[in-house]
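The chain contents come next:
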Amino acid sequence: MKAIRIHEKGAIDNVKIEDLPKPDIQSNQVLIKVKACGINPVDWKSTVYGYFEMPYTIGTDISGTIEAIGTDVTDFKVGDNVIGSLEWAKQGACAEYVATEIKFLALKPKNLSFEEAAAVPLAALTAWQGLFDKLHVQTGQKVLIQAAAGGVGLFAVQFAKWKGAQVVGIASAKNEAFLKSVGVDSIIDYKTADFSKITPDFDAVFDSMASSEHTIPLLKKGGKYVTITAKPSEDLVQKHDVTATHFLFHSNAEQLKTIVNLIEQNHVKVFIDKQFKLTEAKDALKYQHEGRSRGKNVLVVS
Ligand SMILES: NC(=O)c1ccc[n+]([C@@H]2O[C@H](COP(=O)([O-])OP(=O)(O)OC[C@H]3O[C@@H](n4cnc5c(N)ncnc54)[C@H](OP(=O)(O)O)[C@@H]3O)[C@@H](O)[C@H]2O)c1
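Definitions and cut-offs
- Residues numbered from 1 in each chain as written.
- Predicted model: local features only at pLDDT ≥ 70, side-chain atom pairs only at ≥ 80, totals over all residues.
- Helix = DSSP H or I, 4+ residues; strand = E, 2+ residues; numbered from the N terminus.
- Rg over C-alpha atoms; globule rule 2.2 N^0.38 Å.
- Buried ≥ 20, exposed ≤ 12 C-beta atoms within 10 Å, placed from the backbone.
- Contact = placed C-beta atoms within 7 Å.
- Pairing = 2+ DSSP bridges.
- Near = placed C-beta within 6 Å.
- Domains from an automatic or database assignment.
- Nonpolar A, V, L, I, M, F, W, Y, C, P; charged D, E, K, R; others polar.
- Right-handed = clockwise from strand over helix to strand, strands pointing away.
- Axes fitted to C-alpha atoms, helices over the stretch in contact; angles between N-to-C directions.
- Parallel < 35°, antiparallel > 145°, perpendicular 65-115°, else oblique.

Before going further, it helps to spend a moment on the overall build of the chain. Along its length, the chain carries nine helices and 16 strands. Scaling as 2.2 N^0.38, a compact globule of 302 residues should have a C-alpha radius of gyration of about 19 Å, and the chain matches this with 19 Å. Expressed along its principal axes, the backbone C-alpha trace of the chain runs to roughly 60 × 40 × 35 Å. The buried share of the chain, reckoned over its 302 residues, is 48%. Sequence-distant contacts in the chain: of pairs separated by 6 or more residues, those separated by 24 or more amount to 65%.

See the structure below:
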């Protein structure tokens, strides 16, 4: 089978397409014929900075069809269409076949294509965990979401609106009309805004761009800040009397099933910016690296 592999960190150009044997499955695993693989910033970051043990097949997010099941698997059957974010330490999504434990999987949303479905797991789970496990966003709260038009941001704004929050997104002006069509109440244009002039009346901030110097001062006293990139300084957190958390997403099938339900009930849409072929993986990683995506990018595998 074809797989996108990296043997040496340092550059996106180090990734190669290679032939590997089709994986064997253990009794608690399933074999998935991968249809599409979602691209996330971690995919280019790990090739450049070397987060994982080399060599490995890049990628965490897949959609595909179960082709074989281990003897202990009862929750899924051959022919099921599934999505999932694979075991973090092993990666392995950008390949024609994947062997994985079922604890990372949910049934694919019936109303999405395989390409759209592959875009869901990591970004949507990150948005969910940030909003609800860390910020505990409630109906009626005023929430600020950084990089609102990006992969994580677009899920976060839709989940927060579904919860009944008032949502302000930080984005550039080119995304304003689009974000309002998705439900965002208003935007702050990060390219022109004077953050020091904005009223500090937010209950919660979801930061994906290391913007704590700008966004923590916008919280009410006692407000909550979560970041998925760099941690804020303790001085800043104390000065504004807020709580601050940093976290790394984790794959969670139960949360993914809840997200699938919201998608099937049309509460949440999936936005694909660009699709690439498996053979164009380097182009996909380079495009993701530019950091200008509106929504998600995917590799079409089969
Ligand atoms: N800790 C975790 O578990 C975790 C999980 C997922 C992601 N992350 C990290 O979170 C970050 C965001 O991920 P993502 O998938 O959402 O990325 P992404 O899809 O690449 O984000 C692209 C968006 O970012 C916006 N943007 C770029 N620079 C900006 C700035 N200075 N201020 C505001 N918006 C800006 C762009 O808007 P414009 O085109 O308008 O500039 C674009 O819409 C990445 O660094 C990623 O590694 C961490």
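From this point on, the discussion continues.
To continue, consider the sheet that holds strand E4 (residues 56-57). Taken together, three strands build an open sheet; the order of strands is E2-E1-E4 and the sheet is antiparallel. At either margin of the open sheet sits one strand with a lone partner, and together these are strand E2 (16-19) and E4. Both strand E1 (residues 2-6) and E2 contribute to a ladder of four bridges, which runs antiparallel. Bridge pairing links Arg5 to Lys16 in E2.

For the ligand, the set of nearby residues contains 30 residues, the closest of which are Pro41, Gly150, Gly151, Ser172 and Phe249. Mapped by element, the contributors of at least two residues to the shell around the ligand are helix H1 (41-49), helix H3 (121-134), helix H4 (151-163) and strand E10 (166-171). Each of domain 1 (2-120 + 270-300) and domain 2 (124-246) accounts for three or more of the residues forming the shell around the ligand.

How large an interface is tends to be reported as the accessible area lost when its parts come together. Along its sequence, the chain is organised into domain 1 (2-120 + 270-300) and domain 2 (124-246). Opposite the eight residues of domain 1 that make contact, domain 2 presents eight residues. Looking at the side of domain 1 that touches domain 2 residue by residue, the classes come out as two nonpolar, four polar and two charged.

It is worth spelling out the pairing of strand E15 (residues 272-277) at this point. Inspection of the sheet shows E15 paired to strand E16 (residues 296-300) by five bridges, in the parallel sense. Along E16, the bridge assignment pairs Ile272 with Lys296. Handedness of the β-α-β unit built from E15, helix H9 (residues 281-290) and E16 comes out right-handed.

This paragraph deals with unusual backbone geometry. The peptide bond linking Met54 to Pro55 adopts the cis configuration, its omega dihedral lying at -10°. Unusually for a residue other than glycine, Ala147 sits at a positive phi of about 50°. Taking the number of C-beta atoms within 10 Å as the measure of exposure, Ala147 has 25 and is therefore buried.

Right, let's talk about the environment of Gln91 for a bit. One can find Gln91 in the loop between strand E6 (81-85) and strand E7 (97-101). Given 22 C-beta atoms within a 10 Å radius, Gln91 is considered buried. With 31 residues separating them in the primary sequence, Gln91 and Thr60 have C-alpha atoms 5.0 Å apart. Each residue touching Gln91, except ones within four places of it in the same chain, is listed here: Phe52, Tyr56, Thr57, Ile58, Gly59, Thr60 and Leu86.

Okay, H1 next. Restricting attention to buried positions, one finds in H1 the residues Pro41, Val42, Asp43, Trp44, Ser46 and Thr47. Buried residues along H1 sit in contact with E1, strand E3 (29-39) and H9. Phi turns positive one or two residues past the end of H1, at Gly50, with a value near 75°.

Take the environment of Ser196 next. Structurally, Ser196 is set in the loop between strand E11 (186-189) and strand E12 (202-207). Residues Ser196 and Asn252, 56 residues apart in the sequence, show an inter-C-alpha distance of 38 Å.

Right, let's get into the packing of H3 against helix H8 (residues 253-264). One way to put it is that H3 packs onto H8 with a least axis distance of 10 Å and a crossing angle of 95°. Between H3 and H8, the interaxial angle falls into the category roughly perpendicular. Note on element contacts: H8 touches H3 through Gln255, Leu256 and Ile259, opposite Pro121, Ala124, Leu125 and Trp128. Broken down by class, the residue content of the contact of H3 with H8 amounts to six nonpolar, one polar and no charged.

Within the element layout of this structure, Ala99 appears in strand E7. A tally of 18 C-beta atoms within 10 Å means that Ala99 is categorised as partly exposed. In this structure, the C-alpha to C-alpha distance between Ala99 and Val30, residues 69 residues apart in sequence, is 5.6 Å. Excluding anything up to four places from it in sequence, Ala99 contacts Pro23, Asp24, Ile25, Gln29 and Leu31.

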